[in-house]
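Coordinate analysis (summary)
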Amino acid sequence: MSMKRRHLALAGAAALAAAQFTPAAAQAQGSDAAAVAAAVEALTKAMLAGDRAGMMAVTHERLSYGHSAGRIENRQQFIDPLANKTSVFRSLNVSDQTIDVVGDDAIVRHVLRGESESGGRVNPVNIGILQVWKKQPDGWKLLARQAFVRPS
């Protein structure tokens, strides 16, 4: 059987792809995914408690935070109302979470349910969330977040 150049190229590509999925690579992916999951949980707890230091610890200084109604906020605009208790979460529950780590970035998707209160009004929360996390020397930081209305 003669091998053509394209066969060699395909074999080389397959070998490179297989090398990326070694047990060590899978373990590194798993430990990064676990660290991202812990950061998501820390953010959720800090949001629920209105904990400014906790939210600051897991958010990137260049955070872009998108609400399901279309409002876009920076880090300070996101944290201040929660920390100052002008907007509070009465309950929060994260479910159906997926985490995909790509190098120093991670894509997180989940469903966020609960209740929020702002201006004396209690509102149900049932939204989809897409987050982008960035690995930094001091841990994973939320760089971008976009909420969206879930289909009924």
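Before going into details, it helps to say that this report is about the structure given with it.

1. Examining the sheet that holds strand β2 (residues 72-73)
If you trace the 6 strands from one edge of the open sheet to the other, you get β2-β1-β6-β5-β4-β3, paired in mixed fashion. Two strands in the sheet have a free side with no partner beyond their single neighbour: β2 and β3 (87-102). As paired elements, strand β5 (residues 121-136) and strand β6 (residues 139-149) share 10 bridges and run antiparallel to each other. From the neighbouring strand, Ile129 faces β6, where its bridge partner is Ala147. Packing of helix α4 (residues 75-83) onto the sheet brings it into contact with β1 (59-66), β2 and β3, and relative to β1 it is tilted by some 80°.

2. Some words on the pairing of β1
Pairing analysis gives 4 bridges linking β1 to β6, with the strands arranged parallel. Bridging from a neighbouring strand, Tyr65 pairs with Arg145 of β6. Bridge count for β1 against β2 is 2 bridges, and the pairing is antiparallel. From the neighbouring strand, Gly66 faces β2, where its bridge partner is Ile72. Following β1, the chain reverses through 5 residues before pairing antiparallel with β2; Gly70 in that reversal takes a positive phi of roughly 105°.

3. A word on the environment of Pro81
Positionally, Pro81 belongs in helix α4. For the pair formed by Pro81 and Gly50, sequence separation is 31 residues and the distance between their alpha carbons is 8.5 Å. In contact with Pro81, not counting residues within four places along its chain, are Gln76, Thr86 and Ser87.

The rules behind the values
The residue numbering used here restarts from 1 in each chain and proceeds along that chain's sequence as written. Totals for whole chains, interfaces and linings use every residue, but because this is a predicted model, local features are given only for residues with pLDDT of at least 70 and side-chain atom pairs only at 80 or more, for both listing and counting. Side-chain figures throughout are based on the complete set of non-hydrogen atoms in the structure, without hydrogens or water. DSSP-based pairing: two strands are paired if at least 2 bridges between them are found. A run of H or I in DSSP becomes a helix once it reaches four residues, and a run of E becomes a strand once it reaches two; helices and strands are each numbered from the N terminus. Whether two residues touch is decided by their heavy atoms; if any such pair falls within 4.5 Å, the residues are in contact. Axis lines are fitted to C-alpha atoms, over the contacting stretch for helices. Their N-to-C directions set the angle, which ranges from 0 to 180 degrees.

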